[in-house]
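The lines below spell out each chain.
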Amino acid sequence: MREEMAQREAAELLRGHRKPRSPHGWGLLVALWLLAFYEPVVTEGHLRRKNLEFIFIRFSAWEFAGCDKLWAGLVTTLCHHIRQHFGALPLSVFHVLGSRPRFASGFSQREWILKKGTCLRLWGLLLVLAVGIAILLVALLVPGIKDHHALKVVGSAVASLSGSSLVLGALSILKNFLVSEKKKIERLTDSDRFAGQLGFMSKIRGEVEVLVDFLAFMEVFERRRLRVVLEITSLDLCYPEKVAGVFNAMATLLSDANAPFIFLLAVDPSVIVPCLEQTGCMKGLADNGYLYLNRAVTLPFSIPEMGSRSRLRSVEAAIQTREDLMYRIIAGNVAKTRRCGGGCGAEPAIPSWKEADSEAVAWIHEAFRCLHDGSDVLSRYLPENGANVRRIVNTIPITLRLLLHRSGGAAAVPSPRAAAAWVVLADRWPCRLSWTLQCLEDAGQNLPAPDPSGKSLWSIFQEHVGELSALRQALGKVLSLDADPELFQTFLARDFPFGAAEARELLGVTVNLDHSIRHQMGLLRALARL
């Protein structure tokens, strides 16, 4: 994401666009001036900007596991990091004087419009203050008028009223500067009336809306798009009620369609699903945690099993953390240098990631063409639910890039249409596909059984469908995720007859299939055979 950010920034500068600015140094004075006297406008040119900045926020749920409300910790962490990133002063001034950007009328390119009302009120207060001070000075200093107490009272009253308005505005800014949004939320949660406090969620929502409006203002000021990336980790170490609270907080933050938030949720579904099912948030979803996750997550990325090279890298990384083994690494490097003598043979050429990625662009277009082509049979298997369609569209580019990267330039690579069909298969029938893949894996491990590589997935499923039927009570919730069983038969038996060898190759790049389902099936099969 950082590389993408730098590439887009450089591309925008090459197009001749103005350089982005930050609210630090001289930019802070400019930001305060615009906050006070100008209103931002979202123009067509701003919407066409491609450069963006990611603001990364790491939220470890385990650090807030002792709180009564874990979701309050998520909101306070968000407020604290945004305040720390932009500075306390701009955010404090925005609370009092700032305004949310409005969309331009027509094709106007003016990004800042003078706040005429604010300027008139300010000049009016200053004028009234000057008049009041002048009357008071005249009443105090001019001979012959000193004895008129009424004039002194009028002058002091006018000066006090106009001056108090300016002082109240300054005090409001100072209050927001000293009392952060994090402290406000912590004060609400520490209240004795917290459990029954009316309007508590509306107050939290109000603080979040101010942050969203402030980020929209800073987008126009910095001349780039802003996205806040919240990395949520260690959620599977918390109690079920707290897990459900974090999901509710995520839904609250994402309830605005224009909210600039991206959540990276790193969890183990086999742990999270039972936690969600034990709470009351499953009412109306048939107590199915998997269905809840499918509706909450828009881009699933289930990490595939680790390959041999990745295992070696992880072992090497683990060894390097051991101080007592560091001398072996140093000695090995010295010995390798002596053996090579500067003339080691070159490693075989492997296509770089950038080359594979450029080739993947054409593959992605071809896969999307198959999805959009009404005459292609693949389009008939797309789900009706818009959330599932977005999951498939989001997953296909990742799957194709991983597929090309793993192939290393090999000739026998599944076509873009086949890869897109595999993504659709994993999304529409996760239970039946996981069962078939588990049976395929078990068949390859049961030697000296015949190698099933020449079989089709449908034939493997037919051989073991009776065993799946016997386990339907234990796998009932997972089975409910699958679409029409007859369509599954038509998909694998007629339209996309994937073979066992092709399935093994695609399994290594499958990120939209929850592998914990397959592991649970393997355990049930092993227990049934005892």
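Provided above is the structure to which this section pertains.
Since this is a predicted model, take the numbers as computed values, not measurements.

A.B. asks: What is the right way to read the overall build of the protein chain from this model?
C.D. replies: The secondary structure content of the protein chain amounts to 23 helices and six strands. Within the protein chain, buried positions represent 40% of all 530 residues. Accessible area for the protein chain stands at about 29,300 Å²; split by element, carbon and sulfur atoms hold 59% of it.

A.B. asks: What is the right way to look at unusual backbone geometry in this model?
C.D. replies: Trans is the common state for peptide bonds, and a negative phi is the common state for residues other than glycine. With a phi angle near 60°, Arg223 is a residue other than glycine that sits in the positive phi range. The topology assignment puts Arg223 in the loop between α9 (200-222) and β5 (225-233). The exposure class of Arg223 is buried, given its relative accessible area of 14%. In the Ramachandran plot, Ser234 falls in the positive-phi region, its phi being about 60° despite a non-glycine side chain. As for its position among the elements, Ser234 is in the loop between β5 and α10 (240-253). Owing to a relative accessible area of 22%, Ser234 belongs among the partly exposed residues under this scheme.

A.B. asks: Explain the packing of helix α18 (residues 430-445) against helix α23 (residues 515-528) to me, please; I cannot follow it from the model alone.
C.D. replies: Angle between the axes and distance between the axes: these two values describe a pair of packed helices. Contact geometry for α18 and α23: axes closest at 9 Å, N-to-C directions at 55°. Considering their axes alone, α18 and α23 lie oblique with respect to each other. Read as a crossing pair, α18 and α23 show a hand that is right-handed. Judged by residue contacts, Cys431, Ser434, Trp435, Leu437, Gln438, Cys439, Glu441 and Asp442 of α18 engage Ile517, Arg518, Met521, Gly522 and Arg525 from α23. Classifying every residue of the contact of α18 with α23 by side-chain character gives six nonpolar, three polar and four charged.

A.B. asks: Please clarify how the pairing of strand β6 (residues 261-265) should be interpreted in this entry.
C.D. replies: In regular strands, side chains alternate between the two faces of the sheet. Inspection of the sheet shows β5 paired to β6 by five bridges, in the parallel sense. Within the sheet, the bridge partner assigned to Glu231 lies in β6 and is Leu264.

A.B. asks: How should I be thinking about the pairing of β5 in this particular structure?
C.D. replies: By the bridge criterion, nine bridges tie strand β2 (residues 52-60) to β5 in an arrangement that is parallel. Its bridge partner lying in β5, Phe54 is registered against Arg227.

A.B. asks: When you look at the pattern of salt bridges in this model, what are you seeing that I'm missing?
C.D. replies: Oppositely charged side chains can pair when the atoms bearing their charge come close. Following the criterion strictly, the structure yields 24 salt bridges and no others. Linking Glu39 and Arg102 is a salt bridge whose minimum nitrogen-to-oxygen distance equals 3.3 Å. A residue pair is termed long-range when its members are at least 10 positions apart, and Glu39 in strand β1 (residues 38-42) and Arg102 in strand β3 (residues 102-103) qualify at 63 residues. We classify Glu39 as partly exposed; its relative accessible area is 21%. Through salt bridges with shared partners, a single ionic network connects Glu9, Glu53, Glu222 and Arg224.

A.B. asks: Help me out: how do you make sense of α18 in this one?
C.D. replies: In an α-helix there are 3.6 residues to a turn, and that puts residues three or four apart on one side. Under the 1.5 Å per step criterion, the end-to-end length of α18 is 22 Å for 16 residues, consistent within 8% with the ideal 22 Å. By the criterion of burial, α18 is predominantly enclosed, with 12 of the 16 residues buried. Along α18, the residues that are buried comprise Pro430, Cys431, Arg432, Leu433, Ser434, Trp435, Thr436, Leu437, Gln438, Cys439, Leu440 and Asp442.

A.B. asks: Got a minute to help me understand the packing of aromatic side chains in this structure?
C.D. replies: Remark: the centre distance and the inter-plane angle together describe each pair of aromatic rings, the angle taken between the planes. Tallying each qualifying case throughout the model produces 17 aromatic pairs. With centroids separated by 5.7 Å and ring planes inclined at 70°, the aromatic side chains of Phe247 and Tyr292 adopt a geometry described as edge-to-face. Note that Phe247 is positioned in helix α10 and Tyr292 in helix α12 (residues 289-296), a separation of 45 residues in sequence. With a relative accessible area of 3%, Phe247 lands in the buried category.

A.B. asks: When you look at the side chain of Glu231 in this model, what are you seeing that I'm missing?
C.D. replies: Take Glu231: it is sitting in strand β5. When near neighbours in sequence (up to four residues on either side) are disregarded, Glu231 contacts Phe56, Ile57, Arg58, Phe59 and Leu264.

A.B. asks: Teacher, can you tell me more about the nonpolar core here?
C.D. replies: Soluble globular proteins tend to bury their nonpolar side chains together. Formed by 109 residues in total, the largest nonpolar core has its most connected members in Phe261, Phe491 and Phe498. For this core, the element with the most residues is α9, which contributes 10 residues. In this structure, this core is formed jointly by two domains, domain 1 (1-113 + 198-296) and domain 2 (309-332 + 356-529), each of which donates at least three residues. The residues touching Phe491, leaving out its near neighbours within four places in the chain, are Leu378, Tyr381, Ala421, Leu425, Trp429, Phe496, Pro497 and Phe498.

A.B. asks: What's the story with the sheet that holds β3 in this structure? I'm lost.
C.D. replies: Hydrogen bonds between backbone atoms are what pair the strands of a sheet, whose relative direction is either parallel or antiparallel. One open sheet holds the three strands; their spatial order is β3-β1-β4, and the pairing between them is mixed. The open sheet is flanked by β3 and β4 (112-114), the only strands paired with a single partner. The strands that helix α2 (residues 26-37) touches are β1 and β4; relative to β1, the one it contacts most, it runs at about 95°.

A.B. asks: Looking at this model, I keep getting lost on the sheet that holds β5. Mind explaining?
C.D. replies: Ordered in space as β2-β5-β6, the three strands form an open sheet in which the pairing is parallel. With partners counted over all chains shown, the strands left at the sheet margins are β2 and β6, one partner each. The mean inter-strand angle of the sheet, taken between neighbouring strand axes irrespective of direction, is 20°. Against the sheet, α10 touches β5 and β6, its axis set at about 155° to β6.

A.B. asks: Would you explain the side chain of Arg224 in this entry?
C.D. replies: Position of Arg224 among the secondary structure elements: in the loop between α9 and β5. Not counting chain neighbours up to four residues away, the residues in contact with Arg224 comprise Glu9, Pro20, Arg21, His46, Arg49, Asn51, Leu52, Glu53 and Glu219.

A.B. asks: When you look at the environment of Pro300 in this model, what are you seeing that I'm missing?
C.D. replies: Along the polypeptide, Pro300 turns up in the loop between α12 and α13 (308-320). For the pair Pro300 and Ile392, spaced 92 residues apart in sequence, the C-alpha to C-alpha distance is 9.3 Å. Beyond its immediate chain neighbours, meaning those up to four positions away, Pro300 contacts Arg391, Thr395, Val511 and Asn512.

A.B. asks: Honestly, α2 in this entry has me stumped. Any pointers?
C.D. replies: Taking 1.5 Å per residue, 12 residues should reach 16 Å; α2 reaches 17 Å between its end C-alpha atoms and fits that length. All buried positions along α2 are accounted for by Gly27, Ala31, Leu32, Leu34, Leu35, Ala36 and Phe37.

What counts as what
- Residues numbered from 1 in each chain as written.
- Predicted model: local features only at pLDDT ≥ 70, side-chain atom pairs only at ≥ 80, totals over all residues.
- Heavy atoms only, no water.
- Helix = DSSP H or I, 4+ residues; strand = E, 2+ residues; numbered from the N terminus.
- Buried < 20%, exposed > 50% of the residue type's maximum accessible area, 1.4 Å probe, protein only.
- Areas by Shrake-Rupley, 256 points an atom, 1.4 Å probe, with all protein chains shown as cover.
- Axes fitted to C-alpha atoms, helices over the stretch in contact; angles between N-to-C directions.
- Parallel < 35°, antiparallel > 145°, perpendicular 65-115°, else oblique.
- Left-handed = near helix turned anticlockwise from the far one by under 90°.
- Contact = heavy atoms within 4.5 Å.
- Nonpolar A, V, L, I, M, F, W, Y, C, P; charged D, E, K, R; others polar.
- Pairing = 2+ DSSP bridges.
- Salt bridge = Lys/Arg side-chain N within 4 Å of Asp/Glu carboxyl O.
- Expected span 1.5 Å × (residues − 1).
- Phe/Tyr/Trp six-rings, centres within 6.5 Å; stacked < 30°, edge-to-face > 60°.
- Core = buried A, V, L, I, M, F, W, Y, C linked by side-chain atoms within 4.5 Å.
- Domains from an automatic or database assignment.

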